[in-house]
Each structure stands twice: as C-alpha cells, then as structure tokens.
Amino acid sequence: MATVEAPPQISTRDLQPFKNEPAVDFSRPENARNMKAALEKVRGELGREYDLVIGGKRSKTSDKIKSLNPAHPSQVVGIFQKAGKEHVEPAMEAAQKAFQAWSHTSWQERAEFVLKVAHTIRERKFEFSAWMVYEVGKNWAEADADTAETIDFAEFYAHEALRLATADAPVQLPGERDYLFYIPLGVGIVIPPWNFPGAIMAGMTLASIVSGNTVILKPSSDSPAIARFFVSILEECCLPPGVVNFCPGAGGSFGDALVAHPKTRYIAFTGSREVGLHINKVAAEQVPGQIWIKRTILEMGGKDAIIVEADADIDSAVEGVAVSAFGFSGQKCSACSRLILHEKIYDTFLDKLKARVEKITLGDPVDNPNMGPVVNEGSMKSILGYIEHGRKDGRLITGGERVAGKEGYFVQPTVIADLKPKSKLEQEEIFGPVLAVIKARDYDHALEIANDTEFGLTGAVYSGDDKKLERAIREFHVGNLYLNRKCTGAIVGAHPFGGFNMSGTDSKAGGPDYLLLFTQAKSVGKKL
Ligand code: NAD
C-alpha cells in the first residue's frame with residue numbers, strides 16, 4: 001500500500017448541508033492531465049497479488065481469482081485470494097468480535113469515520129476512477145460518475161446517521177419519558193455486482209458500518225481490485241480490525257455458505273434476479289443456532305423501457321435513448337433495453353436513432369471512447385446469443401457483431417426493431433449494448449407493454465403532453481421513473497434508487513429510508 005498522509009479528523013459539528021459531488025469536466029486540460037496521470041500510476045500497479053483481510057490479519061489461499069482487463073484480457077489487473085467454505089467461520093468470528101465494540105460507538109463517531117472516507121476518496125478520485133477503467137472497462141465519465149456516487153453515498157449516509165441519532169418517540173405519555181433508538185443489527189454479508197464496483201460495493205458497506213454493523217465483504221470476482229482499493233482506504237482511515245473483512249470468493253460456494261451461516265444477521269445484495277431469489281430462499285431457512293429472521297436487502301435486474309410519444313421532442317428523445325441504452329455498453333441495471341415507439345413516429349425515429357448510434361465511438365476505455373468492452377467472455381457470448389435470436393425475431397437496424405480484430409470483449413451497439421411484446425428480447429435482461437424496439441398503437445398500448453415484464457426498475461416517458469406524463473406517474477409501475485429525460489444516471493438524494501417486482505426489495509439506496517434497513521428500532525418507556 002502506498003504511504004499517504006493520514007486523513008484529517010473530521011467533526012460532524014460544523015457539517016455543511018449535503019451536496020452532490022460534481023462531475024469532473026474532462027474537457028479542462030488539468031482534469032484530463034490528472035486522469036492520464038492516475039491511469040499511468042494504476043497501470044504500474046496492475047498484476048499485483050492481494051491478501052484476504054480477516055480481523056485485520058492478511059492471509060493467502062491456494063486458489064486464486066485473476067481479475068482481467070476486459071479491453072485486453074491478457075492484462076491481469078490483480079490476483080486475489082479465493083476464500084472458500086473454510087474461511088466462513090474465521091470471517092464470521094472476526095466480524096462478531098468487532099461488532100461488540102463497533103456497535104457501541106456513537107452515531108456521531110461512525111458518521112465522522114464515514115466522512116473521513118469520503119474525504120480520502122475525493123482526494124484520490126482520479127485513482128479510484130482509474131481502477132474502474134482497467135478492471136471493468138468504464139470510460140472516464142462513467143468511472144467518474146461511479147466515484148462521485150461513492151463519495152455521495154458516504155456523505156449522504158453520514159448525514160442520515162446524524163438524523164437517526166436524534167430520533168425520538170413521536171408521543172410522550174404523561175408521567176413517562178419515552179424514547180426511540182435505532183440500533184445496529186449484527187454481522188452483515190455484503191455482496192455487490194461488478195457493474196457499479198465502486199458505488200454499490202462501497203454504498204452497501206458504508207451504510208452497514210455507519211449504522212454500527214460489521215461486514216463480510218465478498219466483492220464480485222470481476223471487480224475485486226476496486227473493492228481492495230476501497231478497503232485500503234478504510235484501513236488508512238483507521239477502521240478497527242474486523243469491522244470490514246475483505247473476502248473475495250466464488251459466489252456459488254463461499255457466498256452461499258456466508259448467506260446460510262446461522263450468525264449472519266442480514267444480507268445486502270445487488271445483482272441478478274436469479275442470484276437474488278436464491279439468496280432470499282437460503283436466507284429464509286432457519287438453521288441450528290440461528291435466533292433471528294435474516295433480513296435481505298436485494299436489488300436485482302431490470303428490463304427498463306423508454307416510451308416515446310408522437311408529441312415528444314424527438315431529437316431530445318433520440319439523445320436520451322442512445323445514452324440510456326449504450327452508456328457503459330448497456331451494462332447498467334437502469335439501462336434502456338426496450339424502446340416503445342408510437343407508430344406515427346416509428347420510422348423517422350429509427351432513422352434518427354440509427355444515425356446517432358452509428359456515431360458512438362468504441363475502443364479501449366483508457367483512451368476515453370464513448371463505449372468500451374463488455375465485462376467478460378461469458379457475458380459477450382450471452383449478448384451475441386441474444387443478438388442472433390433478435391435477428392430472427394426482429395429486424396436488425398444497426399450493429400449486431402462482435403468488433404473484429406480486437407482482443408477485448410467488444411460488441412457493437414445494436415438496435416433490433418419490430419420485436420413483439422412477450423418475445424424473448426423484449427422480456428429478458430440482456431445486460432449489454434442491445435436495444436429492443438417495439439411499436440405501440442397508442443399511449444394505452446405503450447403503457448401496457450412497458451408494464452408487462454416481471455421487472456420494475458427504471459423507465460422514462462418522452463411526451464409534450466403533461467396529462468400523459470401525469471398518467472405515467474400513476475400507471476408506469478417502476479421504482480425510478482423519469483419524464484422527458486434519460487432513464488439512467490440516478491443522483492444520490494434526488495433519485496433514491498431501487499425497483500419494484502422482480503427488480504428487488506425497493507431499498508432506495510441514497511434515500512431517507514435506506515439506513516432503516518440496516519438498523520432495528522428499540523422503544524424504551526421510563527416511568528418518571
Ligand atoms: P450476479 O447476480 O451474477 O452477481 C452478483 C454478486 O452475487 C457477485 O458478487 C457474485 O459473486 C455473487 N453471487 C453469485 N452467486 C451467489 C450465491 N449463490 N450466493 C451468494 N452470492 C452469490 O450479478 P452481476 O453479473 O455481478 O451484476 C449484474 C446484475 O446486477 C444485473 O442483473 C443487474 O441488473 C443487477 N444490478 C442491479 C442493480 C439495482 O440497483 N437493482 C444495480 C446494479 C446491478
């Protein structure tokens with residue numbers, strides 16, 4: 001770990017109101033220079049080996065996880081130990097031991113710690129972003145947005161912690177002093193996905209610890225390097241050993257065993273519908289030695305739709321759809337994967353969209369193109385399989401191929417039109433740069449198509465008619481609805497994030513209800 005100056009002590013006494021971290025403007029030469037320097041620094045650190053960290057102690061395993069750069073799979077980003085079932089007990093013991101002291105620290109103390117983490121990440125934000133460029137193929141702006149969201153989560157949850165610290169019983173009975181305290185739950189298992197490897201991983205972890213819980217963090221095997229960098233920042237900020245235990249490992253064996261452990265109090269998971277449902281099932285079963293109902297906080301997949309009405313500002317809708325569908329190669333749970341077009345504008349809209357999509361630049365994210373690779377070979381093959389299916393079920397408008405002559409996992413931005421409601425590409429989450437286009441007879445039909453999947457994460461409507469927009473608020477059943485704007489890019493505090501139906505438990509990360517999921521309320525009535 002590089003030697004850096006110790007982060008400053010931060011007091012919550014003079015805390016300013018929460019403000020979102022601004023995006024870095026890379027058109028400014030000093031910012032572009034900083035990013036290039038960070039990419040160069042991180043490049044020099046690629047390929048190193050990192051230990052498990054359990055109870056502050058470092059250890060190695062015989063099995064390893066190799067994290068590869070999806071733009072150049074021959075380039076190893078980092079080598080990680082692979083925790084197995086034998087590591088579950090030591091990790092749980094370390095987290096339980098740390099819980100004894102950490103759960104009794106004050107909300108203020110924990111908020112100050114999390115603010116210090118936010119400060120340290122802000123100081124090293126280009127480096128934080130650079131790891132994401134190499135490890136998951138984010139371009140500069142996408143990586144920066146992930147870093148900014150990480151800082152926002154930290155600061156927002158610190159503010160929320162201070163709010164919960166002042167909670168009190170809403171009613172005071174005569175002759176009593178009545179209290180309401182929010183107290184921590186216990187040991188949480190944090191299982192993030194690879195696609196927001198900074199913000200979601202850090203957000204679930206920081207919400208856990210600011211609430212007084214301790215954590216076993218099992219990062220995705222596609223993005224352990226970013227999690228390791230984050231954990232090294234927690235260490236620099238002097239987090240007591242065992243509060244966060246860093247344990248990369250296979251989801252199916254190690255992750256499963258963590259979820260099943262009797263001392264696991266809750267699981268904070270973000271990932272696919274299949275894995276989320278499996279975790280829910282395993283967690284529901286009481287095992288010997290378990291004295292609580294495990295809480296599950298599950299954020300899962302999406303099949304998000306943008307509806308464009310004939311009365312919409314078409315150019316603005318084309319831009320919004322292109323950015324929502326192909327930003328970070330469509331690998332966002334919020335990405336637009338269905339475009340529902342009014343029949344009157346169907347052909348003209350598709351012509352404009354094709355022209356816009358064909359301007360998207362594709363390349364090595366280090367060089368900051370519009371779009372980079374998809375995350376790994378398995379994902380690329382699955383996406384290409386969907387495209388083959390789509391060619392038969394619909395009409396290919398643009399894209400449709402793996403990019404020839406590149407070592408990395410590059411898939412062209414692909415638009416497939418004339419797909420029918422209920423068809424495979426219209427229903428299943430693809431998680432890649434593939435947009436399914438469906439024709440709607442009218443607005444009733446468009447809303448019916450939009451709501452007709454098992455998901456309910458994000459959605460958008462473009463229309464010049466306020467009545468239609470108001471109707472979408474009532475009838476478009478998604479956790480995050482956007483009107484006359486793109487359906488990606490949720491901002492902490494402004495757009496608390498989480499979905500309905502099979503998109504998850506609607507946890508609303510970055511919102512005022514989130515920390516309640518990591519706490520339990522204790523009521524005390526004292527006779528005076
Ligand atoms: P995934 O479900 O394959 O993996 C997520 C995590 O679960 C990984 O850390 C993985 O190792 C772990 N895991 C796998 N099997 C497990 C098991 N049996 N027990 C315990 N842990 C296990 O998802 P992914 O490919 O990493 O991420 C993409 C998915 O995440 C997409 O479906 C996307 O929509 C979803 N996602 C949702 C949100 C949201 O807020 N709703 C945000 C980001 C991503």
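Up top you'll find the structure we're talking about.
Within every chain, residues take consecutive numbers counted from 1 along the sequence as written. Residue-level local features of this predicted model are given only where pLDDT is at least 70; pairs of side-chain atoms are given and counted only at 80 or more, and the full residue set underlies all totals for whole chains, interfaces and linings. Note: side-chain values were computed over all heavy atoms of the structure, leaving out hydrogens and water.

Caption draft 1: A look at the pairing of strand 15 (residues 414-417). Side chains Thr414 and Ile416 of strand 15 all project onto a buried face; the interleaved residues Val415 and Ala417 project onto the opposite face, where all are buried too. Bridging between strand 14 (residues 395-398) and strand 15 involves three bridges; their strand directions are antiparallel. The residue bridging Arg395 from the neighbouring strand is Ala417, located in strand 15. Note that strand 15 and strand 16 (residues 434-440) share three bridges and pair parallel. Residue Thr414 lies in a different strand from strand 16, and its bridge partner there is Val434. Between buried and exposed lies partly exposed: a residue is buried under 20% and exposed over 50% of the maximum accessible area for its type, with that area taken using a 1.4 Å probe on protein chains only. Starting at the N terminus, helices and strands are each numbered in turn, a helix being any DSSP run of H or I of at least four residues and a strand any DSSP run of E of at least two. Should DSSP find at least two bridges between two strands, the strands are regarded as paired.

Caption draft 2: Broad picture of unusual backbone geometry. Unlike most non-glycine residues, Asp418 shows phi in positive territory, near 60°. Note on placement: Asp418 falls in the loop between strand 15 and helix 13 (424-427). A positive phi is found at Asp506, a non-glycine position, where the angle reads about 55°.

Caption draft 3: Main features of the packing of helix 5 (residues 140-165) against helix 6 (residues 199-210). In this analysis an axis means a line fitted to C-alpha atoms, helices contributing only their contacting stretch, and an angle means the value between N-to-C directions, from 0 to 180 degrees. Running from N to C, helix 5 and helix 6 cross one another at 15°; their axes reach a closest spacing of 9 Å. Between helix 5 and helix 6, the angle falls in the class roughly parallel. Crossing angle aside, the handedness with which helix 5 passes helix 6 is right-handed. Across the interface between the two elements, Asp146, Glu149, Thr150, Phe153, Ala154, Tyr157 and Ala161 from helix 5 touch Ala199, Ala202, Gly203, Leu206, Ala207 and Val210 from helix 6. Under this grouping Gly is polar, as are all residues other than the nonpolar Ala, Val, Leu, Ile, Met, Phe, Trp, Tyr, Cys and Pro and the charged Asp, Glu, Lys and Arg. Per-class residue counts for the contact of helix 5 with helix 6 are nine nonpolar, two polar and two charged. Under this scheme an angle from 65 to 115 degrees is roughly perpendicular, one under 35 degrees roughly parallel, and one over 145 degrees roughly antiparallel; angles in between are oblique. Crossing handedness follows the turn of the near helix against the far one: under a right angle anticlockwise gives a left-handed crossing, and clockwise gives a right-handed one. Residue contacts are defined here by distance: any two heavy atoms, one from each residue, within 4.5 Å place the two residues in contact.

Caption draft 4: The arrangement of helix 8 (residues 251-260) in detail. Among all positions of helix 8, only Phe254, Gly255, Ala257, Leu258 and Val259 are buried. Buried residues belonging to helix 8 abut helix 2 (88-102), strand 7 (187-191), strand 8 (214-217), strand 10 (264-270) and helix 9 (273-284).

Caption draft 5: Quick peek at the pattern of salt bridges. Salt bridges, as used here, are contacts in which a Lys or Arg side-chain nitrogen is within 4 Å of a carboxyl oxygen on Asp or Glu. Per the stated rule, a full pass over the model turns up 33 salt bridges. A salt bridge links Lys41 to Glu127; the nearest nitrogen and oxygen atoms lie 2.9 Å apart. Of this pair, Lys41 sits in helix 1 (residues 29-43) while Glu127 sits in helix 4 (residues 125-136), and the two are 86 residues apart along the sequence. With relative accessibility at 11%, the residue Glu127 sits in the buried group.

Caption draft 6: Examining the site of the ligand more closely. As a matter of local geometry, the ligand sits amid 28 residues, with Pro192, Lys218, Ser272, Met300 and Glu429 nearest to it. One of the side-chain nitrogen or oxygen atoms of Lys218 is found 2.9 Å away from an oxygen atom of the ligand. Think of a polar contact as two N or O atoms within 3.5 Å of one another; within protein, one of them needs to be a possible hydrogen donor and the other a possible acceptor, and neighboring residues in sequence only count if both atoms come from side chains. Residue Ser272 places a side-chain N or O atom 2.6 Å away from an oxygen atom belonging to the ligand. Elements represented by at least two residues in the shell around the ligand include exactly helix 8, strand 10 and helix 9. Throughout, the term near means that a residue has one or more heavy atoms lying within 4 Å of the molecule or strand in question.

Caption draft 7: Structural view of the sheet that holds strand 5 (residues 72-81). A sheet is described by the order of its strands in space; here three strands give the open sequence 1-5-4, paired in mixed fashion. Two strands lie at the open edges of the sheet, namely strand 1 (48-50) and strand 4 (64-69), each paired on one side alone. Across the sheet, the mean angle separating the axes of adjacent strands is 30° when strand polarity is ignored. Strands in contact with helix 7 (residues 224-236) are strand 1, strand 4 and strand 5; relative to strand 5, the strand with the most contacts, it is inclined by about 45°.

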